[in-house]
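# Coordinate analysis (summary)
Spelled out from the first residue to the last, the chains are:
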Amino acid sequence: MVAKKTYDVLIIGGGPAGYVAAIRCAQLGFNTGCVERWVSDKKKPALGGTCLNVGCIPSKALLDSSHHFEFLQKECGAHGIEAEATIDVAKMMARKDKIVSGLTQGIAGLFKKNKVDWLQGSACFKDPKTVVVTNTSGQEDEVGASHFIIASGSVPIELGSAKIDSGHIVDSSGALSLKEIPKRACVIGAGVIGLELGSVWRRLGTDVTVLEASPNFLPTTDLSISKEALKIFKRQGLDIKLGAKVLSAGSHEKHVEVKYQIAESEKIENFDKVIVAVGRRANTSDLGLDKVAISTDERGFIKVDDLCRTSVENIYAIGDCVRGPMLAHKASEEGVSVAEHLAGQKSHIDFNNVPWVIYTWPEIAWVGKNEQQLTQESRAFKSGVFPFLASGRAHAMGDNQGFVKVIADANTDSILGVHIIGANASELIAEAVLAMEFGASAEDLARTIHGHPTLSESLHEAALAVDSRAIHF
Ligand code: FAD
Ligand code: NAD
């Protein structure tokens, strides 16, 4: 085996961390390669990683389809629209698959445009300057590079008590490809995936029970948001059980028997499907990290510093396989940052300004710190809240649930966090992220003119409310 190709930068993984890093490296003049082994259900090699193939994009496609269905079924009457809605699951899935394949092919096109080589196969380190790439036919090629960027992503955490069987018990990928609407489904884990995919199937008519081990609901969100969300999701029909410990899940021919413990008592219930969504772990076990003396922590995350440097000088790691939130936009930003660092530019990511979004309806979005964190840090803060119930646009849309909360430093007035639950929170949060990135104060937001009638006026009013001078509430 002779080293056939050598690159300035070789990236392992073509998800949102790796493919963005590759494009930026190529833009900066590096001779760049990206090793990606993903093969789609249709046996086609694909770029885009978890995000495009089985994550962000397919889940949002199904969330949008199911949202339209629920609107037609339950809400359009209020607009004077009479409709009888039926759902064709195969067509909905085909639409999702088409979106995924279009976007993954788009990345292959961007690679061509930017002259990034896509090496189809699996990479494993031989030494700090060489990886062995094994393609689907088992052929091995050595590839050399001056710098490596590991972007190998994450995989679902498995549960010993509910093993994935690709039939009745599925993980998030399986839940994105169900062939029919289950009558009863059990979602294990009330985290981001559990709530998004639980919402998809509930909207389509499934009776969904969510078993969450923790006694707290969405503990990383501001307490006022998690309280409101729990109330709304329960009202929508998600049967969320907190403090529920799954003891076993056994597949039978037509159902799964789930045994769980809640408040000291044991329960047994039957479901058509069980969706396991208890978190994800770093995908780092088969990279040959021992060959380059790179260590991982107890959850498999590669240890890196703020600039994503590992303990080996020419090897960087980014995205889900390193510390920090498992979010596509965080992964991509790290990719850009490493590429620019390699080019000798100053790069910096403020992890405090990474937005979070949960694409339920209403949506939940936040940036910065929540009240619990600030209280724990003994930081003096003031907050302003504005409910969508007082927003003209929210009424016009027929979507007036939720509120906006702006938290600012009690002394300097600088914005410390913005928390939103409501329609289009995913888009509204962008203004708050920008404000925080520019070090804005609540007063700055309060003095910014917002179009009328828009949902963004609620952010404006929440900023005014920080100084107890909201106009419409
Ligand atoms: P990945 O996307 O996991 O990509 C890693 C790639 O590396 C994979 O393609 C893998 O095949 C490849 N790879 C690994 N090892 C090797 C190797 N040895 N050789 C070659 N290739 C290798 N995030 C959001 O921000 N917004 C969302 O709405 C959102 N929704 C999600 C919904 C679901 C159902 C899931 C599961 C995740 C969602 N996420 C979302 C999280 C998001 O998908 C991840 O944070 C993101 O994909 C991480 O990007 P990455 O490039 O680090 O890893
Ligand atoms: P998560 O960490 O968000 O939630 C997992 C939940 O499962 C937690 O509430 C946890 O307490 C619970 N849990 C753990 N073990 C359990 C058990 N044995 N029984 C019952 N409950 C148990 O993880 P996830 O929902 O699997 O998502 C993984 C990652 O993917 C997230 O960290 C998120 O960053 C990313 N993601 C993001 C988005 C988005 O940005 N909209 C969407 C989906 C996924």
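Everything quoted here is computed from the prediction, not taken from an experiment.

### Considerations on the domain arrangement of the protein
Here the protein is described as being made up of domain 1 (3–156 + 281–349), domain 2 (169–278) and domain 3 (353–465). Here domain 2 and domain 3 have C-alpha centroids that lie 29 Å from each other. The partner domain 3 presents 19 residues to the 19 residues of domain 2 that form the contact. When domain 2 packs against domain 3, close to 1,500 Å² is buried across both sides, 63% of that on carbon and sulfur atoms. For the domain 2 face of the interface with domain 3, the top three residues by lost area are E196, D222 and I225, together amounting to 33%. At the boundary of domain 2 with domain 3, the tally comes to one salt bridge. K405 serves as the salt-bridge partner of D222, at 2.8 Å between the closest nitrogen and oxygen. Summed over the shared surface of domain 2 and domain 3, the result is nine residue pairs in polar contact (both at pLDDT 80 or more). Those elements that provide at least two residues to the side of domain 2 that touches domain 3 are α6 (192–203) and α7 (223–236). Examining the composition of the side of domain 2 that touches domain 3, we find that nine residues originate from one element, α7, more than from any other. For the side of domain 2 that touches domain 3, the residue count by class is nine nonpolar, five polar and five charged.

### Notes on the nonpolar core
W201, F217, F233, I240 and I364 are the most contacted members of the largest nonpolar core, which has 34 residues in total. Elements with a contribution of two residues or more to this core: α3 (56–75), α4 (89–114), α6, β10 (207–212), α7 and β19 (363–368). Ranked by residues supplied to this core, first place goes to α7 with five residues. The contact partners of I240, leaving out residues within four places of it in the chain, are L195, V210, F217, L230, F233 and K234. Formed by 31 residues, the second largest nonpolar core is a distinct cluster that contains F386, L428, A435 and A440.

### Digging into the site of ligand 1
The environment of ligand 1 is formed by 38 residues, the closest being E36, T50, K60, D320 and A328. In the environment of ligand 1, an oxygen atom lies 2.6 Å from a nitrogen or oxygen atom belonging to the side chain of T50. M326 has a polar backbone atom sitting 3.3 Å from an oxygen atom of ligand 1. Relative to its unbound accessible area of 1,000 Å², ligand 1 is 95% covered by the protein chains. Among the elements of the structure, β2 (32–36), α2 (49–54), α3, β4 (122–127) and α8 (328–342) are those that each provide at least two residues to the shell around ligand 1. When residues of the shell around ligand 1 are assigned to their parent elements, the largest contribution, four residues, is made by α2. Of the residues belonging to the shell around ligand 1, the class tally is 17 nonpolar, 16 polar and five charged.

Reading the values: rules and limits
- Residues numbered from 1 in each chain as written.
- Chains lettered and ligands numbered in written order.
- Predicted model: local features only at pLDDT ≥ 70, side-chain atom pairs only at ≥ 80, totals over all residues.
- Heavy atoms only, no water.
- Domains from an automatic or database assignment.
- Contact = heavy atoms within 4.5 Å.
- Buried area = accessible area lost by both parts, 1.4 Å probe.
- Salt bridge = Lys/Arg side-chain N within 4 Å of Asp/Glu carboxyl O.
- Polar contact = N/O pair within 3.5 Å; in protein donor to acceptor, adjacent residues only side chain to side chain.
- Helix = DSSP H or I, 4+ residues; strand = E, 2+ residues; numbered from the N terminus.
- Nonpolar A, V, L, I, M, F, W, Y, C, P; charged D, E, K, R; others polar.
- Core = buried A, V, L, I, M, F, W, Y, C linked by side-chain atoms within 4.5 Å.
- Buried < 20%, exposed > 50% of the residue type's maximum accessible area, 1.4 Å probe, protein only.
- Near = heavy atom within 4 Å.
- Areas by Shrake-Rupley, 256 points an atom, 1.4 Å probe, with all protein chains shown as cover.

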